[in-house]
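Listed below are the residues making up each chain.
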Amino acid sequence: MNSIRVRLGVLGLALLTGFSTPTAASATEAAPSPTAEERRLDRAVPQEILRRSGFDTVAARFARGLDEARSYAQARRAVVREGTQVWRRAVDRAQGRGPAGGDLSRDDDRPLYWARLAMTREVRTWEPGFGLTDGQRTALLDELERTSRGQTAIGYPHGKGLKRILVTGFDPFTLDRDIRISNPSGATALALDGTVIETADGPARIETAVFPVRWQDFTQGTVERTLRPYLPEVDLFTTVSQGRVGRFDVERTNGAWRGGFADNDNIGRTETVPVTDPASQPQWTTTTLPYRAIVTADTGRFPVYDNTSVTEIPAGGTEPVVRPDGPTPGSTARAGGGGDYLSNEIAYRATLLRDRLGLHDVLPGGHVHTPVLQFGAGNTTEVTDPEFVRNRLDIITQVRTILRVAAEKS
């Protein structure tokens, strides 16, 4: 055998995805422990979700591919291949292609989430005989994250007459509160990736990607690296996340502040959103989505609001103040319309990137918050129920309609 797998029972600090260039390995370095996020895999609910979707075989297949690798280069090829394949498999399942793999509804985003964690845990705890440096392991994890999230699969057909729409979603989060949680924005990304919607102006192609709920990945630039090549090419973009109960919100303003809430690795950050060239960093960015048209259109059963509220420290002040009508001149951000968590941050980063690319006046883009995805009344233990599925399908359908309206009015 050329590898030894270890499953350490001690909770270690998270080795998060990075961008360092791998260096040649001269000897095997000790494999790190699984992260807090990965350790949730051993609980009953994730195992049931994987089993009832057919994604319970993903990690074992991936492990065999790693074990067959005789070099870092071979391992990297295996990671790229399997990461790309699990994303495509999840998209195909969500869109009705191929076997369902079990009785869990096809619209469910959770099989991909838990399967990806099973794969990252394999890489994190892998001890190949040929030796693996920390930098190489980090690079493999980065490749796996990007390929299994659709971030490397974005592509639009050439030719005229086809609008291009870019949409992002998120992983489930607050899993220590309820490990059954699904994220409708991630489900929407799977359901819409590669699809075409008909608008009054012609067809529009949607491409999607999913992002982690981890502060460190955002600090390391995962949003900018993924979106930068495509923003100059698309006609519309929207970042999407789960927001408030019973309503959609088009977030008018995004703030440059992290409020400290713990991420999926149980790590919090309270600070100004870290970006390149902080000297030119604004406290606020704004949507360029056609929000008036979106909120007045009949897009589905959930009401849609133009959310203008923010929390700021006014110029010359010291205490946060809620401003229902948006920030005042010279104020310091403490929460955008979408809060001070990663949904606000992806909106801030994406719209700041739009502006730094000189696209503010020509590219419609911003953030849409979906309703909270709720289980049926009385369901406190089951991983799914008919109301849960209905709510998720209705949210997906309404996001699609919002995109059509936005494309027509842009």
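Residues numbered from 1 in each chain as written. Predicted model: local features only at pLDDT ≥ 70, side-chain atom pairs only at ≥ 80, totals over all residues. Heavy atoms only, no water.

## Things to note about the overall build of the protein chain
Item 1. Scanning the protein chain from N- to C-terminus turns up twelve helices and 16 strands.
Item 2. Summarising its shape, the C-alpha atoms of the protein chain cover approximately 65 × 50 × 50 Å along the three principal directions.
Item 3. In the protein chain, which comprises 410 residues, the share counted as buried stands at 57%.
Item 4. Sequence-distant contacts, at least 24 apart, represent 78% of the contacts inside the protein chain between residues at least 6 apart. (Helix = DSSP H or I, 4+ residues; strand = E, 2+ residues; numbered from the N terminus. Buried < 20%, exposed > 50% of the residue type's maximum accessible area, 1.4 Å probe, protein only. Contact = heavy atoms within 4.5 Å.)

## Let's talk about the packing of aromatic side chains
Item 1. Inspection of the entire model under this criterion finds nine aromatic pairs.
Item 2. Between Trp126 and Phe130, the ring centres sit 5.7 Å apart and the planes meet at 75°, which makes this aromatic pair edge-to-face.
Item 3. On the accessibility criterion, Trp126 (0% relative accessible area) is buried.
Item 4. Classification of Phe130 by relative accessible area gives partly exposed; the value is 24%.
Item 5. Relative to Phe218, the ring of Phe170 has its centre 6.1 Å away and its plane inclined at 10°; by these criteria the two rings are stacked. Of this pair, Phe170 sits in strand β3 (residues 163-170) while Phe218 sits in helix α8 (residues 215-219), and the two are 48 residues apart along the sequence.
Item 6. We note Arg89 situated over the ring of Phe55; from NZ or CZ to the ring centre the distance is 4.4 Å. (Phe/Tyr/Trp six-rings, centres within 6.5 Å; stacked < 30°, edge-to-face > 60°. Lys NZ or Arg CZ within 6 Å of the ring centre and 35° of its normal.)

## Remarks on unusual backbone geometry
Item 1. In this model, Asn266 sits at a positive phi of 60°, which is unusual for a non-glycine residue.
Item 2. The topology assignment puts Asn266 in the loop between β9 (257-259) and β10 (270-272).
Item 3. A positive phi angle is found at Asp277, which is not glycine, with a value near 50°.
Item 4. The residue Asp277 is located in the loop between β10 and β11 (284-286) in this model.

## Thoughts on helix α3 (residues 58-67)
Item 1. Those residues of α3 that fall on the buried side of the exposure criterion are Val58, Ala59, Phe62, Ala63, Gly65 and Leu66. For α3, the buried positions fall inside an angular range of 160° around the axis, keeping them on one side. (Arc of directions from axis to C-beta.)

## Some words on the nonpolar core
Item 1. With 40 residues, the main nonpolar core has Trp114, Val123 and Leu140 as its most contacted residues.
Item 2. Mapped onto this core, the elements with two or more residues apiece are α2 (44-51), α3, α4 (72-94), α5 (110-124), α6 (134-148) and α7 (184-192).
Item 3. Here Trp114 is in contact with Glu37, Arg40, Leu41, Pro46, Ile49, Leu50, Leu175 and Ile179, once residues within four sequence places are set aside. (Core = buried A, V, L, I, M, F, W, Y, C linked by side-chain atoms within 4.5 Å.)

## A word on the side chain of Arg52
Item 1. Tracing the backbone through its elements, the reader meets Arg52 in the loop between α2 and α3.
Item 2. Within the structure, the side chain of Arg52 is placed 2.8 Å from the side chain of Asp103, a separation counted as a polar contact. (Polar contact = N/O pair within 3.5 Å; in protein donor to acceptor, adjacent residues only side chain to side chain.)

## What to know about the pattern of salt bridges
Item 1. Applying the stated criterion across every chain, the model contains 37 salt bridges.
Item 2. Here Arg52 ties to Asp103 by a salt bridge, and the two come within 2.8 Å at their closest N and O atoms. Remark: Asp103 occurs in the loop between α4 and α5 and Arg52 occurs in the loop between α2 and α3; sequence separation between them is 51 residues.
Item 3. The salt bridge involving Arg404 is made with Glu408; its shortest N-O contact spans 3.4 Å. Here the residue Arg404 and the residue Glu408 both occupy positions in helix α12 (residues 386-409), the gap between them amounting to four residues, near one helical turn. (Salt bridge = Lys/Arg side-chain N within 4 Å of Asp/Glu carboxyl O.)

## Some thoughts on the packing of α3 against α4
Item 1. α4 packs onto α3 with a crossing angle of 160° between their chain directions and a minimal axis gap of 9 Å. Classified by the interaxial angle, the pair formed by α3 and α4 is roughly antiparallel. Judged by the sense of rotation from one axis to the other, the crossing of α3 with α4 is right-handed. Contacts from Val58, Arg61, Phe62, Gly65 and Leu66 of α3 reach α4 at Ala75, Ala78, Val79, Glu82, Gln85, Val86 and Arg89.
Item 2. Within the contact of α3 with α4, the residues separate by chemical class into seven nonpolar, two polar and three charged. (Axes fitted to C-alpha atoms, helices over the stretch in contact; angles between N-to-C directions. Parallel < 35°, antiparallel > 145°, perpendicular 65-115°, else oblique. Left-handed = near helix turned anticlockwise from the far one by under 90°. Nonpolar A, V, L, I, M, F, W, Y, C, P; charged D, E, K, R; others polar.)

## Some points on the side chain of Gln398
Item 1. The residue Gln398 is located in helix α12 in this model.
Item 2. Under the relative-accessibility criterion, Gln398 is labelled buried at 1%.
Item 3. Beyond its immediate sequence surroundings of up to four residues, Gln398 is in contact with Phe248, Thr299, Gly300, Arg301, Phe302 and Val304.

## Observations concerning the sheet that holds β3
The pairing of strands in a sheet comes from backbone hydrogen bonds and takes either a parallel or an antiparallel form.
Item 1. Pairing is mixed in the open sheet, where seven strands are placed in the order β4-β5-β3-β6-β16-β7-β12. Single-partner strands in this sheet number two, and they are β4 (196-199) and β12 (304-307). Adjacent strand axes in the sheet meet at a mean angle of 25° when their direction is disregarded.
Item 2. Note: β3 against strand β6 (residues 236-242), four bridges, orientation parallel. Following the sheet pairing, Thr168 is matched in β6 by Thr239. (Pairing = 2+ DSSP bridges.)

## Notes on the sheet that holds strand β15 (residues 332-335)
Item 1. The antiparallel open sheet is built from three strands, whose spatial order is β14-β13-β15. Each edge of the sheet is formed by a strand with only one pairing partner; in this case those strands are β14 (321-323) and β15. Neighbouring strand axes in the sheet, compared pairwise and without regard to direction, differ in orientation by 45° on average.
Item 2. Sheet topology places strand β13 (residues 310-313) next to β14; three bridges connect them, and they run antiparallel.

## Let's talk about the pairing of strand β5 (residues 202-211)
Item 1. For β5, the buried fraction is high: eight of the ten residues fall into the buried class.
Item 2. Examined bridge by bridge, β3 and β5 share eight bridges and lie parallel to one another. By the bridge assignment for β5, Arg164 is matched with Arg205.
Item 3. Summarising the sheet, β4 and β5 pair through four bridges and their orientation is antiparallel. Counted as the bridge partner of Thr199 is Gly202 from β5.
Item 4. The loop that links β4 with its antiparallel partner β5 comprises two residues.

So far we have only geometry, and geometry alone does not tell us how the molecule works.
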